[in-house]
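# Commentary on secondary and tertiary structure
Spelled out, the chains give:
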Amino acid sequence: MPDEIESRLRPFTADEFDAAFACLSEGFGEDITEVEGDRMVFEPERTLGLWDGDRVVATAGIYTRDITIPGAVVPFAAVTLVSVSGTHRRQGVLTAMMGRQLREVHERGTEPIAALYASEGAIYGRFGYGLASYQGQLKGETHQMRLRADVHTGDGRVYPVDEKDFRSAAIPLYEEIRPSTPGLLSRKDRWWDSLLTDPEKHRNGRTARRYLLHAEPDGTVTGFALYRRKAEWADTGPDGTVFVTELQATHPAARAALWQYLLAMDLARHLSVPLAGRDDPLRHMLSDPRAVTMAQNDGLYVRLVDVDAALAARRYPTTIDLILDVEDGFCPWNAGRWRLTGGPSYGRCIRTDGDPDLALSAETLGAVYLGDTSLGTLASAERVREITPGAVAAATTAFGWPVATYSPEGF
Ligand SMILES: CC(C)(COP(=O)(O)OP(=O)(O)OC[C@H]1O[C@@H](n2cnc3c(N)ncnc32)[C@H](O)[C@@H]1OP(=O)(O)O)[C@@H](O)C(=O)NCCC(=O)NCCS
């Protein structure tokens, strides 16, 4: 059945964008009216649509971007725009679209991995996407959030700017930070355009986006933050909230100075950081670590499109030399035994018929790929079978990474 559907899929054109978004609106059960940002980054040739007469009944797409992985930056297929109309659900349409996408990415040969954010956690594991990073909403009461005495804010200054000045300073800064933080994505100009669009309908009563820079005494910009505010009043007085959507800094004092500014705003009582990373430094900068709470959830799901290219692309904090027996029913070219050798400055993965040390699925390999999900934890969850004693411990260390992922944007 999915084969028959697959043969009826075709990319939708820029002229069909609105019809495709009508399908997405229906699938998501909401009126998607603010599509300016999506239009800016839309890649028609990498979309897929299914038609029933002249109605689009399913959509999927890929954005061409780079992602930082442990020790490297690689091109990846950013899977997006996935929807199937209520009239065609549970007939194998998503399965057909996922199969077609992954085969095309494999044949293209330039993107070793695909990744996505899932609307529901149970959808994508069957297609080999593993839960690879975590994010969530970090919250706190600003009056309880004091920086520790040993956290220094340095000699720089924090100052607000308009969007134009923000762009000219923040884009080079982001490029400086991007290669060393797993999970950060390349942002060509059109992605910055999309990220910084600020339609009023999306503000939910909050202010327009505000831009902050941090600069050293010599003028070098070393940090930025994007935020909004919402002014509210309780019976007892001011009750506003500061919403921080992204904060980047090249060194700890710049980070501390930006947080100090954001936490000290008059009339604000609450802080919300909707896309904080799993182990955001902020908690550890406060005299009371309990002053912040974090509702942690799933972040990126990663799919190794080509196990050998993907595992060779990343770096490993300790040396590794293991044979992996990979199960992959959805992308059968990955199935079988691979010898992985790697270390801090190299990775290599080749076919072998040697005896395996570990048996695991492509989904599980996707989960450990960014270094944020522990292979040992997955072994405890019966997701990895240890054949050679000690292999789980060795692989857990080698697949880890000292820098936690941070992905403060959806796609
Ligand atoms: C999620 C969605 C795309 C699934 O499309 P679909 O064409 O019905 O999926 P398929 O028929 O190919 O389903 C394949 C399998 O996944 C399962 N599945 C599909 N959607 C699922 C969900 N939301 N939760 C759990 N399982 C799901 C199916 O039951 C089926 O399982 P089976 O192989 O054991 O029978 C569709 O329901 C939809 O558009 N939902 C709303 C929008 C959305 O969430 N999009 C995803 C954005 S990330």
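Here we take up the environment of Tyr63. Along the chain, the position of Tyr63 falls in strand E2 (residues 55–69). Take Tyr63: there are 18 C-beta atoms within 10 Å of it, and that puts it in the partly exposed class. Here the alpha-carbon distance between Tyr63 and Gly347, two residues 284 residues apart in the chain, equals 26 Å. Contact partners of Tyr63, with chain neighbours within four places excluded, come to Val41, Glu43, Ala78, Thr80 and Phe411.

Here the focus is the domain arrangement of the chain. Here the chain is partitioned into domain 1 (2–111), domain 2 (136–297) and domain 3 (305–399). For domain 1 and domain 2, the distance between their C-alpha centroids amounts to 32 Å. Each partner contributes residues to the interface: domain 1 has 13 residues there, and domain 2 has 16 residues. At the level of secondary structure, the elements contributing two or more residues to the side of domain 1 that touches domain 2 comprise helix H3 (36–41) and E2. Of all the elements, E2 adds the most residues to the side of domain 1 that touches domain 2, at 5 residues.

Taken together, the 5 strands give an open sheet; going across it, the order is E18-E17-E16-E19-E20, and neighbouring strands pair in mixed fashion. Either end of the sheet is taken by a strand with one partner, and the two such strands are strand E18 (346–351) and strand E20 (384–386). On average, each strand axis in the sheet is tilted by 25° relative to the strand beside it, whichever way the strands run. Bridge count between strand E17 (residues 336–343) and E18: 6 bridges; the pairing is antiparallel. Paired with Leu340 across the bridge in E18 is Cys349. Along the sheet, helix H12 (residues 391–399) makes contact with strand E16 (320–327), E17, strand E19 (358–361) and E20, crossing E16 at roughly 100°.

Below, the discussion takes up the environment of Ala115. Residue position: Ala115 is located in strand E4 (residues 113–116). Each C-alpha atom, one on Ala115 and one on Tyr227, is 26 Å from the other, the two residues being 112 residues apart in sequence. Leaving out residues up to four positions away in the same chain, Ala115 has contacts with Ile67, Phe76, Ala78, Val79, Leu300, Tyr301, Val302 and Arg303.

Looking now at the site of the ligand. Residues in contact with the ligand amount to 18 residues; listed here are only the nearest, Gly27, Val93, Leu94, Thr95 and Ser119. Mapped onto the shell around the ligand, the elements with two or more residues apiece are helix H2 (17–28), strand E3 (72–84) and helix H4 (93–108). When grouped by side-chain class, the residues that make up the shell around the ligand number 8 nonpolar, 6 polar and 4 charged.

Put simply, side chains in a regular strand alternate between the two faces of the sheet. Burial along strand E15 (residues 301–304) is two-sided: the residues Tyr301 and Arg303 and Val302 and Leu304 are all buried. Pairing geometry for E4 and E15, over 4 bridges, is antiparallel. Within E15, the residue paired with Ile113 across the bridge is Leu304. Across 2 bridges, the pairing between strand E5 (residues 130–131) and E15 is antiparallel. Each bridged residue has a counterpart across the sheet, and for Leu131 the counterpart in E15 is Tyr301.

Basis of the calculations
Residues numbered from 1 in each chain as written. Predicted model: local features only at pLDDT ≥ 70, side-chain atom pairs only at ≥ 80, totals over all residues. Helix = DSSP H or I, 4+ residues; strand = E, 2+ residues; numbered from the N terminus. Buried ≥ 20, exposed ≤ 12 C-beta atoms within 10 Å, placed from the backbone. Contact = placed C-beta atoms within 7 Å. Domains from an automatic or database assignment. Pairing = 2+ DSSP bridges. Axes fitted to C-alpha atoms, helices over the stretch in contact; angles between N-to-C directions. Near = placed C-beta within 6 Å. Nonpolar A, V, L, I, M, F, W, Y, C, P; charged D, E, K, R; others polar.

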